[in-house]
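Fold and contact review
Below are the chains, spelled out letter by letter.
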Amino acid sequence: MSDEPVPGRALLHPVALSCLGLMVLNDQVLKWACPGVLTGKLSDVAGLVFFPLLLVSVWEWSAWLAGRPPHAPRAVVWGAVVFTASGFAAIQVSEVAAWAWTWGLGLLQAPIRGTWQPVVHTMDPTDLIALPAAGVALILTRE
Amino acid sequence: MRRLFSATALLAGVVASIATSTTNPPTSSVQLPGPGADLDALGIQRTVVDVFATQSPSGSFAGAVMVSADATSVFGEATVTASLRVVDAFGSTEIARDTAVASPGTDGDLFLFDDLDAFAGCASGATCEQAFEVVFETTGEVAIDWELTAELYDLDDIGRTSTLEVSTR
């Protein structure tokens, strides 16, 4: 068995996998079955935990494919956390960021929809209460 | 094996992030089939649609109004321009415009545009009325089917209920 670290191993942490499952379940089922405060914030928290880990994993896979050790330095983890938190905050409070987000995500969804149109996004500053969840990635990636 | 699991989790994460739902589902949604438009050369058709929104309890909400249109029959070739306008006490303001060329082989959507801030000025709750004007202009001879869809979103995520009614005048 090789002792080489697995790239993207943070995504295999039970917390990361739980957040991924929660995001999908909440977005596709729970929000529609019981709209309210809980389902309104659940995906925000799960997404803020999961997304920095996803960015770290992308970095590690890129490093591994380039023949370098698949181990993200702390600076990369911190960068992923700050990027996620600041981006999430920006689309809740900034008209320009929200506009860019709706068209940007719409572009990524275009191959599925067959047309490029903005996604529906409502700015909600109360969502900022979920921001501390982004810091969970710093704990999960601690060696 | 762990590398395979990791790659699978990465792929699932990317897909889940892209397919994420960006807001709660609308608390109310209603569709109004347009009265149709049979337009001769250089024809213009204007239809005003009134949208009434009520919610309980009152609070912050956002609305979206979408217009989609199909060419159902075309004679020769027609250039169709559609625009969506917000009507207020001082007249109307265009918020979206698109042009498409319809030919006998054309089917499917000609236009789809929306006003995501349709009820931005109605945040005080209670009942709110907003009028929209849908305008079609063409340089050819074409029949158009269109519909207007209105949706309301609860900005406070507290599960309030809302109703929407639309009518033409």
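Note that the structure is a prediction, hence the values are computed from the model and not measured.

Calculation rules
Residues numbered from 1 in each chain as written. Chains lettered and ligands numbered in written order. Predicted model: local features only at pLDDT ≥ 70, side-chain atom pairs only at ≥ 80, totals over all residues. Helix = DSSP H or I, 4+ residues; strand = E, 2+ residues; numbered from the N terminus. Contact = placed C-beta atoms within 7 Å. Buried ≥ 20, exposed ≤ 12 C-beta atoms within 10 Å, placed from the backbone. Pairing = 2+ DSSP bridges. Axes fitted to C-alpha atoms, helices over the stretch in contact; angles between N-to-C directions. Nonpolar A, V, L, I, M, F, W, Y, C, P; charged D, E, K, R; others polar. Core = buried A, V, L, I, M, F, W, Y, C linked by C-beta atoms within 7 Å. pLDDT = per-residue confidence, 0-100.

Helix and strand counts for chain A stand at five helices and zero strands. Mapped from its N terminus to its C terminus, chain A presents α and β elements in the order α-α-α-α-α. Intrachain contacts of chain A at a sequence separation of at least 6 include 68% that bridge at least 24 residues.

For chain B, the count of helices and strands is one helix and 10 strands. Scanning chain B from its N terminus toward the C terminus, one meets helices and strands in the order α-β-β-β-β-β-β-β-β-β-β. Burial statistics for chain B: of 169 residues in total, 34% are counted as buried.

Okay, the sheet that holds strand β8 (residues 127-138) of chain B next. All names here are of chain B. If you walk across this open sheet you meet the five strands as β6-β5-β8-β3-β10, and the pairing is antiparallel. Edge positions in the open sheet fall to β6 (91-102) and β10 (161-168), since each of these has one partner strand only. Mean inter-strand twist for the sheet, computed between neighbouring axes without regard to direction, equals 20 degrees. Relative to β10, strand β3 (residues 44-56) runs antiparallel, the two sharing eight bridges.

All right, on to the interface of chain A and chain B then. Listed as interface residues are 34 residues of chain A and, on the opposing side, 26 residues of chain B. Broken down by secondary-structure element, the contributors of at least two residues to the side of chain A that touches chain B are α1 (14-33), α2 (37-65) and α4 (95-113) of chain A. No other element matches the 10 residues that α2 of chain A contributes to the side of chain A that touches chain B. In terms of residue class, the side of chain A that touches chain B is built from 19 nonpolar, 10 polar and five charged.

What follows covers the pairing of β3 of chain B. As judged from the 11 bridges shared by β3 of chain B and β8 of chain B, these two strands associate in the antiparallel manner. Looking at β8 of chain B, one finds that arginine 46 of chain B is bridged to valine 135 of chain B.

What follows concerns the nonpolar core. In terms of nonpolar packing, the biggest core is built from 33 residues, with Leu48, Val49, Phe50, Leu53, Val56 and Ala137 of chain A touching the most fellow members. Broken down by secondary-structure element, the contributors of at least two residues to this core are α1, α2, α3 (74-93) and α5 (136-140) of chain A together with α1 (2-18) of chain B. The dominant element in this core, judged by the number of residues it contributes, is α2 of chain A, at 11 residues. Each residue touching leucine 53 of chain A, except ones within four places of it in the same chain, is listed here: Ala10, Leu11, Ala16, Ala137 and Leu140 of chain A.

Here we come to the pairing of strand β9 (residues 141-154) of chain B. All names here are of chain B. The pairing of strand β1 (residues 28-33) with β9 spans six bridges and is antiparallel. Opposite valine 30, over in β9, you have alanine 150 as the bridge partner. As paired strands, strand β4 (residues 61-75) and β9 are joined by 14 bridges and run antiparallel to one another. Residue pairing for β9: serine 73 is matched across the bridge by alanine 143.

With 78% of its residues at a pLDDT of 70 or more, chain B shows a mean pLDDT of 76. Both confidence scores are given for the complex: pTM 0.67, ipTM 0.81.

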